[in-house]
Amino acid sequence: MFDGGGTSRREFVKAAVAVGGATALSACTSRLDDREPIPRGTTDSDSLPSRQHAWNDVVRRDDDGNVELPRHQVFLYLTLPGDGPPSDEDRRTVESAFRTLDEAYERSNEGVVYSVAYSPRYFSRFDAPLPEGIDLPEPRSLSSFETPEFDRQDALVHLASDRADAVLEAEQALRGESETANGIEVESTLTDVFDVDSRRTGFVGPGMPAERQDGLKGIPDTNPVPEESPLFMGFKAGFAKTQATEDYVTIGEGPFAGGTTKHVSNVRQRLQDWYVEQDFDDRVSEMFSPVHASEGLVEGVGENLGDDSGVTDEMVDDIRDHAMEFGRVGHAQKAARANRDEEGNVRILRRHVESTDDDTASLHFPTLQRRISDFEEVRAAMNGDDLTDVPTIRQRVNNGILEYIFVKHRGNFLVPPRELRALPTPTGDVPGLDG
Ligand code: HEM
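The rules behind each value
- Residues numbered from 1 in each chain as written.
- Predicted model: local features only at pLDDT ≥ 70, side-chain atom pairs only at ≥ 80, totals over all residues.
- Heavy atoms only, no water.
- Phe/Tyr/Trp six-rings, centres within 6.5 Å; stacked < 30°, edge-to-face > 60°.
- Helix = DSSP H or I, 4+ residues; strand = E, 2+ residues; numbered from the N terminus.
- Buried < 20%, exposed > 50% of the residue type's maximum accessible area, 1.4 Å probe, protein only.
- Near = heavy atom within 4 Å.
- Polar contact = N/O pair within 3.5 Å; in protein donor to acceptor, adjacent residues only side chain to side chain.
- 1 Å grid on protein atoms, 1.4 Å probe; cavity = no way out; pocket = protein on both sides within 12 Å on 5 of 7 lines; lining within 4 Å.
- Sits in = over half its atoms within 2 Å of the grid points.
- Nonpolar A, V, L, I, M, F, W, Y, C, P; charged D, E, K, R; others polar.
- Core = buried A, V, L, I, M, F, W, Y, C linked by side-chain atoms within 4.5 Å.
- Contact = heavy atoms within 4.5 Å.

Undergrad: Got a sec to walk through the packing of aromatic side chains? Specific residues and values, please.
TA: Any pair of aromatic rings gets described here by the distance separating the centres and the angle formed by the planes. One pass over the structure, following the stated rule, counts 11 aromatic pairs. Where Tyr77 meets Phe413, the ring centres are 6.2 Å apart and the plane angle is 65°; that geometry is what we call edge-to-face. Highlighted residues: Tyr77 in strand 3 (residues 72–79) and Phe413 in strand 14 (residues 405–415), separated in sequence by 336 residues. Here the two residues Tyr77 and Phe413 agree in accessibility, since each one is buried. Pairing Phe123 with Phe256 gives two aromatic rings, centres 6.0 Å apart and planes at 75°, and the pair type is edge-to-face.

As structure tokens, then:
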């Protein structure tokens, strides 16, 4: 697969992260050996931020100041054997594995950014409960029309880089499948402590969905995804003004201060009707709002919108009137209803990426927020149950993008501050680690 003479470098890298493993990595690195070296990280832990989720200052931004997530991503869902709490020895092993990554890769889009997060089930291994203020329920269904599988593994490691070779090698190092990481010797591996229950992969960026669309389940045969789109649905998302700041989503007090909560859904897309039955204006109406379509606010994938989706207070407040007038409502317009606090701050930070896992057009959809219930409220607004009494609006029809997306997995996690990243107790301790 990787050594066919006519295969372009892009084809190689494209397949490499999705396939994973040592072969993918070596194929990828041998093809990329004329590229810049991957920048090294640091042994000075104090130089790294406490917030594992502080990625915005170390990744690219576009000309409008919107954060551009690293193009290649890997999600490792990990389980601990047995039912009891982990040992001090386990903790030292896990911390050492992460220190190797910190030393091997610059914490940036050109090196590797990553975080580790822990599930409610993980914390239930201990006798003590999580502190009062931590809102981390078990995952649950968040609409009447979904039947997801719940991700209840103990931990989730999320790796991201613009370099496919970096993200693959970092993963290999954590799994004990590479003796070195960017030339640094690997002393401990996560797989000394955890089992890998599930490996999922993602990507995002202009061109990437289009070049992967051919033959994918969920994509019509006409391969309609625009070349310049960063997402399969043909638009750009994550405009700066509709994203919470990292400050806002950070837990402010208690033993996990500096951390955040992470909800990750996995969503399958079926885009036949999206692209074949509908024209561009229909898609704009359902993605943004019908007013966006009638006023021609969106050009192409939406670059022209700058750093804001163009959803106004009026579009949010008058959504019911608009539903009556246009017979449908937009996804962004609906979600925005619950995505501001009383002071107008945005509540959740979306970091979703596309995926071709299982040869299906899908997304891995992490969001960060102070409380998992913040996410649940925004998702409830997106469901638009309250609008289905308008004659043309049904639960999944004319109701944003709900007709085309299907939730397959949901999981909830706590991303502790870096100092507590190795198997923390619910009281925010890491017994066995020095200082
Ligand atoms: C295929 C799946 C999805 C696609 C392609 C998509 C795309 C978009 C786009 C293009 C926007 C407008 C631009 C922006 O403000 O960033 C948007 C806004 C938004 N989406 Fe999605 N979205 C998807 C799924 C979801 C899901 C599952 C949620 C979960 C709650 C969600 C929550 C939001 C929120 C909160 C906003 C911002 C609304 C605001 O506060 O102004 N989206 N999305």
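Undergrad: Explain the site of the ligand to me, and be specific about the residues and the numbers.
TA: The immediate surroundings of the ligand are formed by 25 residues, with Gly238, Thr242, His331, Asn339 and Arg340 found nearest. The side chain of Arg340 places a nitrogen or oxygen atom 2.7 Å from an oxygen atom of the ligand. Because more than half of its atoms lie within 2 Å of the grid, the ligand is assigned to the largest cavity. Of all the secondary structure elements, the ones that give two or more residues to the shell around the ligand are helix 13 (331–336), strand 13 (362–369) and helix 14 (372–383). Broken down by class, the residue content of the shell around the ligand amounts to 15 nonpolar, six polar and four charged.

Undergrad: Can you explain the nonpolar core? Please cite residues and give values.
TA: Counting residues in hydrophobic clusters, the biggest one holds 49 residues, and the most contacted among them are Val94, Tyr105, Tyr118, Val157, Leu159, Leu190 and Phe194. Secondary structure elements with two or more residues in this core: helix 1 (9–19), helix 2 (21–31), strand 3, helix 3 (88–104), strand 4 (113–118), helix 4 (120–123), strand 6 (155–161) and helix 5 (164–174). At seven residues, the largest contribution of residues to this core is made by helix 5. In contact with Phe194, other than residues within four places in its own chain, are Leu78, Thr79, Leu80, Val94, Tyr118, Ala155 and Leu423. Leu142, Phe232, Leu305 and Ala361 belong to the second-largest nonpolar core, a separate cluster that totals 36 residues.

Undergrad: Can you tell me about unusual backbone geometry, naming the residues and giving the values?
TA: Located in the positive-phi region is Asn223, a residue other than glycine, with phi close to 45°. Of note, Asn223 is situated in the loop between helix 6 (208–212) and helix 7 (246–249). Owing to a relative accessible area of 28%, Asn223 belongs among the partly exposed residues under this scheme. You will see that Asn398, though not glycine, has its phi angle at about 60°, which is positive. When you line up the elements, Asn398 lands in the loop between helix 14 and strand 14.

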